[in-house]
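The lines below spell out each chain.
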Amino acid sequence: GEILGTVNLQSRAYKADLVNFELRRPGETTPVKTFQMYTGSDGKYIFQHLDPGTYDITAKSANSLRAKVSDVVVTAGLETPDINFALLGGDADNNNIVNAFDNSILNGAFGSSEGSPSWDARADFDNNKVINAFDNSILNGNFAKTGAQ
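## Let's talk about the pairing of strand β5 (residues 53-61)
Turning to step 1, where the next piece is worked out: Of all the nine residues making up β5, seven are buried; the element is thus mostly covered by neighbouring parts of the structure.
Turning to step 2, where the next piece is worked out: Two strands pair when backbone bridges link them, and strand β2 (residues 18-24) and β5 are joined in this way by six bridges, in the antiparallel orientation. Residue pairing in the sheet places phenylalanine 21 in a bridge with alanine 59 of β5.
Turning to step 3, where the next piece is worked out: Relative to strand β7 (residues 67-74), β5 runs antiparallel, the two being bridged by six bridges. Bridge pairing in β7 places threonine 54 opposite valine 73.

## So, the packing of aromatic side chains
Turning to step 1, where the next piece is worked out: Inspection of the entire model under this criterion finds six aromatic pairs.
Turning to step 2, where the next piece is worked out: With centroids separated by 4.8 Å and ring planes inclined at 35°, the aromatic side chains of phenylalanine 21 and tyrosine 45 adopt a geometry described as tilted. On the criterion of sequence distance, the pair formed by phenylalanine 21 in strand β2 and tyrosine 45 in strand β4 (residues 44-47) is long-range, its members being 24 residues apart.
Turning to step 3, where the next piece is worked out: When its relative accessible area of 1% is taken as the criterion, phenylalanine 21 is described as buried.

## Concerning the pattern of salt bridges
Turning to step 1, where the next piece is worked out: The tally for this structure, following the rule as stated, stands at four salt bridges.
Turning to step 2, where the next piece is worked out: With a closest N to O distance of 3.0 Å, arginine 12 and aspartate 17 form a salt bridge. Comparing arginine 12 with aspartate 17 shows no difference in burial state: the two are buried.
Turning to step 3, where the next piece is worked out: Put simply, aspartate 91 and lysine 60 hold a salt bridge, and the shortest N to O gap is 3.2 Å. In this pair, aspartate 91 sits in strand β10 (residues 89-91) while lysine 60 sits in strand β5, placing the two residues 31 residues apart along the sequence.
Turning to step 4, where the next piece is worked out: We classify aspartate 91 as buried; its relative accessible area is 0%.
Turning to step 5, where the next piece is worked out: Residue lysine 60 is classed as buried on the basis of its relative accessible area of 8%.

## Side note on the sheet that holds strand β3 (residues 31-38)
Turning to step 1, where the next piece is worked out: Spatially, four strands are ordered β3-β2-β5-β7 in an open sheet, and the strand pairing comes out antiparallel. With partners counted over all chains shown, the strands left at the sheet margins are β3 and β7, one partner each. Averaged over all pairs of adjacent strands, the angle between their axes in this sheet comes to 25°, without regard to strand direction.

Rules and cut-offs
Residues numbered from 1 in each chain as written. Predicted model: local features only at pLDDT ≥ 70, side-chain atom pairs only at ≥ 80, totals over all residues. Heavy atoms only, no water. Buried < 20%, exposed > 50% of the residue type's maximum accessible area, 1.4 Å probe, protein only. Helix = DSSP H or I, 4+ residues; strand = E, 2+ residues; numbered from the N terminus. Pairing = 2+ DSSP bridges. Phe/Tyr/Trp six-rings, centres within 6.5 Å; stacked < 30°, edge-to-face > 60°. Salt bridge = Lys/Arg side-chain N within 4 Å of Asp/Glu carboxyl O. Axes fitted to C-alpha atoms, helices over the stretch in contact; angles between N-to-C directions.

Structure representation (structure tokens):
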């Protein structure tokens, strides 16, 4: 079977990014299968040649919180469309929690742009190559949130 959908990265116009996907048995956290792939510029992805079954699927990119879609049914020879993820930004240290450690990374890079000495891509949550109030707003809006396990 196939699974296809879209990964929406918060506050990003250009949606292509390296995303880590996990297929899990429902209710479990150990992956049955993992995929790492770049989504299209529109955030689209596709998995092909999957074994039939029911899965929980997670998606996480660097500096975003993990999202999960539960109980996705894969049928041999058929597409399972519209398995979509909305990934919230602000996780600069990539530990699946937005907290003071992420804020510290953002503050250390605040006001920088790509190529400058204090630049830290982990804090560029909107991926516009500048660490500014927009990135701060994303972090503050998601502060104390934890991604799916």
